[in-house]
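Tertiary structure, described
Here's the letter readout for the chains.
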Amino acid sequence: MTDVTGAPADVLHTLFHSDQGGHEQVVLCQDRATGLKAVIAIHSTALGPALGGTRFYPYATEAEAVADALNLARGMSYKNAMAGLDHGGGKAVIIGDPERDKTEELLLAYGRMVASLGGRYVTACDVGTYVADMDVVARECRWTTGRSPENGGAGDSSVLTAFGVYQGMRASAQHLWGDPSLRGRRVGIAGVGKVGHHLVRHLRDEGAEVVITDVREDAVRRILDQYPEGVTAVADTDALIRGAHVGGLDIYAPCALGGALNDDSVPVLTAKVVCGAANNQLAHPGVEKDLADRGILYAPDYVVNAGGVIQVADELHGFDFDRCKAKAAKIFDTTLAIFARAKEDGIPPAAAADRIAEQRMHEASAARGR
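The present account deals with the structure reproduced in this document.

About the cut-offs
Residues numbered from 1 in each chain as written. Predicted model: local features only at pLDDT ≥ 70, side-chain atom pairs only at ≥ 80, totals over all residues. Heavy atoms only, no water. Salt bridge = Lys/Arg side-chain N within 4 Å of Asp/Glu carboxyl O. Helix = DSSP H or I, 4+ residues; strand = E, 2+ residues; numbered from the N terminus. Polar contact = N/O pair within 3.5 Å; in protein donor to acceptor, adjacent residues only side chain to side chain. Contact = heavy atoms within 4.5 Å. Axes fitted to C-alpha atoms, helices over the stretch in contact; angles between N-to-C directions. Parallel < 35°, antiparallel > 145°, perpendicular 65-115°, else oblique. Nonpolar A, V, L, I, M, F, W, Y, C, P; charged D, E, K, R; others polar. Pairing = 2+ DSSP bridges. Phe/Tyr/Trp six-rings, centres within 6.5 Å; stacked < 30°, edge-to-face > 60°. Lys NZ or Arg CZ within 6 Å of the ring centre and 35° of its normal. Buried < 20%, exposed > 50% of the residue type's maximum accessible area, 1.4 Å probe, protein only. Right-handed = clockwise from strand over helix to strand, strands pointing away.

1. Notes on the pattern of salt bridges
On inspection of all chains with the given rule, the structure shows 22 salt bridges. Taking the shortest distance from any N to any O, the salt bridge between Asp 126 and Lys 91 comes out at 2.9 Å. Of this pair, Asp 126 sits in the loop between strand E6 (121-122) and helix H5 (131-138) while Lys 91 is found in strand E5 (residues 88-95), placing the two residues 35 residues apart along the sequence. The residue Asp 345 makes a salt bridge to Arg 355 at a minimum N-O spacing of 3.1 Å. With Asp 345 in helix H14 (residues 331-345) and Arg 355 in helix H15 (residues 349-367), this pair connects stretches of sequence that are 10 residues apart.

2. Some remarks on the side chain of Asn 279
Residue position: Asn 279 is located in the loop between strand E11 (273-274) and helix H10 (287-293). Here the side chain of Asn 279 touches Lys 79 through a polar contact of 3.2 Å, side chain to side chain. Among the polar contacts made by the side chain of Asn 279, one reaches the side chain of Asn 305 at a distance of 3.0 Å. The contacts of Asn 279, once residues within four sequence positions are left out, are Arg 55, Leu 72, Lys 79, Lys 91, Asp 126, Leu 257, Gly 258, Asp 301 and Asn 305.

3. As for the packing of helix H13 (residues 321-329) against H14
Taken N-terminus to C-terminus, the directions of H13 and H14 make an angle of 20 degrees; their axes are 5 Å apart at the nearest point. Comparing the axis directions of H13 and H14 gives the class roughly parallel. Two secondary-structure elements touch here, H13 through Lys 327, Ala 328 and Ala 329 and H14 through Ile 331, Phe 332 and Asp 333. Considered class by class, the residues forming the contact of H13 with H14 number 4 nonpolar, no polar and 2 charged.

4. Some details on the sheet that holds strand E10 (residues 251-254)
Taken in spatial order, the 6 strands of this open sheet run E9-E8-E7-E10-E11-E12, and their pairing is parallel. In the strand order of this sheet, the two ends are held by strand E9 (231-233) and strand E12 (297-298), each with one partner. The pairing of E10 with E11 spans 2 bridges and is parallel. Within E11, the position partnered with Ile 251 by the bridge is Val 273.

5. A look at the packing of aromatic side chains
Describing an aromatic ring pair means giving the distance of the ring centres and the angle of the ring planes. Across all of its chains, the model carries 3 aromatic pairs by this definition. The cationic tip of Lys 325 hangs over the ring face of Phe 163; the distance from NZ or CZ to the ring centre is 5.1 Å.

6. Section: the pairing of strand E7 (residues 186-190)
When you tally the buried positions in E7, you get 5 out of 5 residues, the bulk of the element. Neither face of E7 is left uncovered, since the one carrying Arg 186, Gly 188 and Ala 190 and the one carrying Val 187 and Ile 189 both have all their residues buried. Taken together, the 5 bridges between E7 and strand E8 (residues 209-213) define a ladder with parallel strand orientation. Pairing of Ala 190 across the sheet is with Thr 213, part of E8. You can see the chain leave E7, run along helix H7 (residues 196-206) and come back into E8, and the turn it takes is right-handed. Where E7 and E10 come together, 4 bridges link them in parallel fashion. The partner of Gly 188 across the bridge, within E10, is Tyr 252.

Set out below in structure tokens:
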């Protein structure tokens, strides 16, 4: 069994004693008729109902699924706090292969499980789930966002997720090079799926040079067909981060699964900035210091990828895209504020972001007498 850092541990000890725990509620869900096995983790409701997506993934073990749910839920508390939302953090994972195991009946059963929490957790899309899936879940649960416009929702949240990451890149460029323009910068993107392909569009529109990789050949081919100039592809992430074939990268954007920044990847990174859409990019505590020691500027993932959660949160109040885009544009200012706080306190940006988020959650809890 593993804890949220990936080290051997007892899940209950993680929940009740570990610094990585502190979750308010964890629900194990099972529906034998449909084959549903899911974990819903609520880290905090200090700022309001927990909000976070549903991940559908073929975990190797149930313990791995629990650990992922705990880690992702905690990350959502910090993300929502830094995005200025009146929501706490939660996340759900469904165990299984979405290509093989996802059925309408299973999603309906999952919707009933979320509904049983009475609004303490609001769900949305994540890896392995899509707008059409949320439309099904919403038939059983009114606390569902990320639905299609036809069903009263905001549609694909990856559009604003990519826009927010782009704003984080611009802020990083401003801080490091004194100019927010990305024209002529070389940006490497690992993962050009739901978010990554929108990010390519922003970068190419500004005149950046883009290098991509993805485990799915069709995803890479779609980008290369769409952008015959200014975009090249490499075989894998290792080739991307080393950047030897192109003389290095200015910015590295992890946009797939977490743990991209680890003891193997950080020492060989050629980029001067890391700013991407993936959640939980730091594989373990201490990686943020390793990045800083190498002179690599890290834009905290849960800050720059908050555009999607800004969008789905707005859906609860009557969605307005322009209003959401304006909020997501503020990720530029928030990222700059984090860099300034990091410099002032003499700490890495990830630690500075944590401090700001924790302060907001603490103040909210104190105001509510919790």
